[in-house]
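# A structural walkthrough
Listed here are the chains, written in short residue letters.
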Amino acid sequence: MNIAIVGTGYVGLVTGTCFAEMGTNVTCVDIDTKKIDKLNNGIMPIYEPGLEELVKKNIREGRLHFTTDLTSVLDKVEIVFSAVGTPPDEDGSADLHYVLDVARTFGQKINRYTLLVTKSTVPVGTAQKVKAAIREELEKRGVNIPFDVASNPEFLKEGAAIKDFMNPDRVVVGVDTQQARTLMERLYKPFLLNGFPILFMDVSSAEMTKYAANAMLATRISFMNDIANLCERIGANVDMVRKGMGTDDRIGSRFLYAGCGYGGSCFPKDVKALCHTGRKNGYPMRVIEAVEAVNENQKEIVADKLKEALGADLNGKVIALWGLAFKPETDDMREAPALVIIDKLLEAGATVRAFDPIAMDEARRKIGNKIMYCNNIYEAAEGADAIALATEWKQFRLPDWNTVRKTMRGNLIVDGRNIYDQNELADKGFRYTRIGKKLAE
Ligand code: UDX
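Owing to the predicted nature of the structure, the values given are computational and were not obtained by experimental measurement.

This part covers the overall build of the chain. A count of helices and strands for the chain gives 18 helices and 14 strands. Relative to the 2.2 N^0.38 estimate, which gives 22 Å for 441 residues, the radius of gyration of the chain is 24 Å and therefore close to what a compact globule would have. Based on the C-alpha atoms only, the size of the chain along its principal axes is roughly 75 × 50 × 40 Å. Buried positions account for 44% of the 441 residues belonging to the chain. Long-range pairs, those at least 24 residues apart, make up 72% of the contacts in the chain between residues at least 6 apart in sequence.

On to the domain arrangement of the chain, then. The domain architecture assigned to the chain consists of domain 1 (2–201), domain 2 (211–297) and domain 3 (299–434). Placing a centre on the C-alpha atoms of domain 2 and another on those of domain 3 gives a separation of 24 Å. With twelve residues of domain 2 at the interface, the matching set in domain 3 holds 15 residues. In terms of residue count, helix 12 (residues 286–298) provides more of the side of domain 2 that touches domain 3 than any other element does, three residues in total. Looking at the side of domain 2 that touches domain 3 residue by residue, the classes come out as three nonpolar, seven polar and two charged.

What follows deals with the site of the ligand. Neighbouring the ligand are 19 residues; Glu 158, Tyr 257, Tyr 262, Gly 264 and Cys 266 lie closest to it. It is helix 9 (residues 203–234) that contributes the most residues to the shell around the ligand, three residues altogether. Across the shell around the ligand, the residue classes tally to eleven nonpolar, four polar and four charged. Here the shell around the ligand gathers at least three residues from each of two domains, domain 1 (2–201) and domain 2 (211–297).

Quick look at the environment of Val 287 now. Along the polypeptide, Val 287 turns up in helix 12. For the pair Val 287 and Gln 422, spaced 135 residues apart in sequence, the C-alpha separation works out to 34 Å.

Turning our attention to the pairing of strand 14 (residues 431–434). Where strand 13 (residues 412–415) lies against strand 14, four bridges are found, and the strand directions are parallel. Counterpart to Asp 415 in the pairing with strand 14 is Arg 434.

Turning to its location among the elements, Lys 163 is positioned in helix 7 (residues 161–166). Each C-alpha atom, one on Lys 163 and one on Thr 114, is 29 Å from the other, the two residues being 49 residues apart in sequence.

Moving on, we come to the packing of helix 13 (residues 301–310) against helix 14 (residues 337–347). Helix 14 packs onto helix 13 with a crossing angle of 30° between their chain directions and a minimal axis gap of 8 Å. Counted together, Val 302, Ala 303 and Leu 306 of helix 13 and Ile 341, Lys 344 and Leu 345 of helix 14 form the full contact between these two elements. Partitioned by chemical class, the residues of the contact of helix 13 with helix 14 number five nonpolar, no polar and one charged.

Among the residues of helix 13, those classed as buried are Ile 301, Val 302, Ala 303, Lys 305 and Leu 306. At the C-terminal side of helix 13, Gly 311 shows a positive phi close to 105°.

What counts and what doesn't
- Residues numbered from 1 in each chain as written.
- Predicted model: local features only at pLDDT ≥ 70, side-chain atom pairs only at ≥ 80, totals over all residues.
- Helix = DSSP H or I, 4+ residues; strand = E, 2+ residues; numbered from the N terminus.
- Rg over C-alpha atoms; globule rule 2.2 N^0.38 Å.
- Buried ≥ 20, exposed ≤ 12 C-beta atoms within 10 Å, placed from the backbone.
- Contact = placed C-beta atoms within 7 Å.
- Domains from an automatic or database assignment.
- Nonpolar A, V, L, I, M, F, W, Y, C, P; charged D, E, K, R; others polar.
- Near = placed C-beta within 6 Å.
- Pairing = 2+ DSSP bridges.
- Axes fitted to C-alpha atoms, helices over the stretch in contact; angles between N-to-C directions.

What follows is the structure, given as structure tokens:
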């Protein structure tokens, strides 16, 4: 089977590589020439565990190709996946510009039945727009070539993308015709031995499923952050509350961790887009709107706690920031809480000394020289009045606190991911506060 994947971002590159690994002949297409050159030479545009080896292996074995020219591959493939970006517009709606561009090229160039599958997260109703764009192009050519549009949303998590793609909880496929369904069944057949179900449904439901799933996960996080903030005020322990709740089978224990807010390329964007779809359809999504508002507030809490302890004016104060990526095992800083923390600290006059195991280059690109970049957590802590933890990297879990204490000027720790032990830190002479817990007197 021959397929093309348009867009070599997170989703496109992982999708293409994993299909190739399972025996399909895949051509990945991107308009970014530099990116394609690098990929052809085995250089990855993103960090993702296991990806580089798998890309190189499949290039070597002849199943994975990279090109900038979609037109040249359209003749050879049965399925085209569209995995291009859908960045949020100013009003929060998803910008479908790239998705529709792919549809137009598809309409201009196909010469026989081809299936276009949308993998990008797109608002309900996008498949209709994609179909209309393709039809328009076919009419311009004066031809009547059959085609289908399907929806196959992706649920993979950054940092575990390959594993998630190879062993998903389920695959959701939205199709309108038997022909499209048969093609998708053939494509996913080699994966079926892994035992997960493929859920076929109509296209709109598939589009909606992705938003509903991400919004539900974001809701759990904002819900717990709200509970944590109340726990702080009434003296309850949110970790015990989480365990007490999570052991109820109906609730489950995952995605209940209070912290300094969710970030990344998906939750913030998809939550905003769903709010927008609700408003546009005369049904504002009250729960989801609140999820978003709570998260915006939560991203400020680490900086607020620092100011509460050190004073609103942070001129002359030095803050060590441990972690910049929106979560561990990625260099992605899109919508990262660290960005809000940095802005608020700089605004209050503080000097920020940051370290992240992988996201340093990304941070330099995004933030520039407004902050200081350090080589490790100890260097970041040198001369600092406080340490703020924004990302729960494994290697941050067990620092040598005696060394940290000696290098610091002050002794305050603000734990934005609730990973440290208050008693241990008190024994070592630190003042400690976390999400859901006041600074110990
Ligand atoms: C998410 C979804 O999990 C995935 O299904 C979808 O396809 C894309 O969006 P991802 O953005 O890679 O994946 O990150 P995820 O691991 O889900 O974490 C998202 C954010 O939530 C992170 O900032 C994380 O720190 C935060 N989070 C997660 C919490 O604050 N508490 C939790 O309990 C879980």
